[in-house]
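# Per-entry structural report
So the chains spell out like this:
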Amino acid sequence: MFVYRGVRDRLAPGGRYLISTALYDVNRGYGEEFRYDAVTGICYRGELPYRRHLTPSALRAELTDAGFKVVSFSGDNLVCVKG
């Protein structure tokens, strides 16, 4: 995502970027008012995008593509540095 590139470009040399996020969980119940799009990771409330839940591998790929190196990945927390 473009947000990750913007963050990377503004990090000082040696700077770290911590992400704490809800990842996709096959067992999560979204309820009838929500619709999950597995291709984009977007959870819609009605017709409006509400949040985004990526799989761990998809999130790692987005960060790597944006020029980050993932140095720690535990639970729902990632720590990245400029690649």
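Preceding this section is the structure that the text describes.
Residues numbered from 1 in each chain as written. Predicted model: local features only at pLDDT ≥ 70, side-chain atom pairs only at ≥ 80, totals over all residues. Heavy atoms only, no water.

What follows deals with helix α2 (residues 56–65). Here α2 has its buried residues at L59, E62 and L63. Down the axis of α2, the smallest arc covering the buried residues is 95°, so these residues share one side. Exposed residues lying more than 90 degrees from the buried face of α2 are S57 and D65. Elements that come into contact with the buried residues of α2 comprise α1 (2–10), β1 (16–20), β4 (48–52), β5 (68–74) and β6 (77–82). After α2 finishes, the residue G67 shows a positive phi value of roughly 95°. (Buried < 20%, exposed > 50% of the residue type's maximum accessible area, 1.4 Å probe, protein only. Helix = DSSP H or I, 4+ residues; strand = E, 2+ residues; numbered from the N terminus. Arc of directions from axis to C-beta. Contact = heavy atoms within 4.5 Å.)

Once that is clear, we can look at the nonpolar core. Y4, Y17, L59, L63 and F68 are the most contacted members of the largest nonpolar core, which has 13 residues in total. Counting residues per element, the ones that place at least two in this core are β1, α2, β5 and β6. Not counting residues up to four positions away in its chain, the partners in contact with Y17 are Y4, V7, L11, F68, L78, V79 and C80. (Core = buried A, V, L, I, M, F, W, Y, C linked by side-chain atoms within 4.5 Å.)

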